[in-house]
Amino acid sequence: MQKLIVSALAAVMALSASAAKKSAPAFDALGVAGNEASGENDEFGDVNNTPANFTDYSASKNGKTVSAKVKEEEYLLNPMEQIGQQGVTVAPHWYIRHGSIDRDTAFPVALNLATKLENEGKDVNFLLAWNRPHSGDYALNELFEWIAKITK
């Protein structure tokens, strides 16, 4: 079974890599002031819609540093840093779907989240949906059945 999973993941990685929409680093565009920003850079921008870097690496490529305000916003938006922290309440049930041909976000992002949640003892229903893009139809009937099951 483990060989099958590894083979499937390798096939998906090869397929996804050939169609990626973003270059590395995928979320925080290098040197935002001079290059096209990502949607994620807009998320951390100011009221004037000026995008901002949110990682030290990308900000340094623009000769800048990440502000304390942006660091706090990034922390609040990143569940990976909060899961398992003392004093943080994490939902007990998670339904995570990710398309195998998603060109916007690499599947390891969702896989890492699911793994961390499982390692913390959470109930995780994870599926790498075969041949589905970022905006794929993830079988809403299954989602509603899952919700009905966990809320009884």
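The structure we're discussing is the one just above.
Source: prediction; values computed, not measured.

Draft legend 1. Region of interest: unusual backbone geometry. Residue Asn-49 is not a glycine yet carries a positive backbone phi of 65°. Here Asn-49 is to be found in the loop between helix H2 (39-43) and helix H3 (56-60). Among the residues examined, Asn-49 registers a relative accessible area of 57% and is labelled exposed. Positioned with a positive phi, Asn-131 is a non-glycine residue whose angle comes to about 60°. Relative to the assigned elements, Asn-131 resides in the loop between strand S2 (123-129) and helix H7 (140-150). Its relative accessible area of 48% is what places Asn-131 among the partly exposed residues.

Draft legend 2. The arrangement of the environment of Thr-105 in detail. Tracing the sequence through the fold places Thr-105 in the loop between strand S1 (93-99) and helix H6 (107-119). Sequence separation of Thr-105 and Pro-133 is 28 residues, and the distance between their C-alpha atoms is 9.7 Å. The residues contacting Thr-105, other than those within four sequence positions of it, are Phe-27, His-98 and His-134.

Draft legend 3. Inspection of the pairing of S2 at higher detail. Pairing of S1 with S2, which is carried by seven bridges, proceeds in the parallel orientation. Pairing of Ile-96 across the sheet is with Phe-126, part of S2. In terms of handedness, the path from S1 via H6 over to S2 forms a crossover that is right-handed.

Draft legend 4. Focus on the nonpolar core. Counting eight residues, the largest nonpolar core consists of Ile-83, Val-90, Ile-96, Ala-110, Leu-113, Ala-114, Leu-117 and Val-124. If you look at the next biggest cluster of nonpolar residues, it comprises six residues, including Phe-44, Ala-52, Val-66 and Val-70.

The rules behind each value
Residues numbered from 1 in each chain as written. Predicted model: local features only at pLDDT ≥ 70, side-chain atom pairs only at ≥ 80, totals over all residues. Heavy atoms only, no water. Helix = DSSP H or I, 4+ residues; strand = E, 2+ residues; numbered from the N terminus. Buried < 20%, exposed > 50% of the residue type's maximum accessible area, 1.4 Å probe, protein only. Contact = heavy atoms within 4.5 Å. Pairing = 2+ DSSP bridges. Right-handed = clockwise from strand over helix to strand, strands pointing away. Core = buried A, V, L, I, M, F, W, Y, C linked by side-chain atoms within 4.5 Å.

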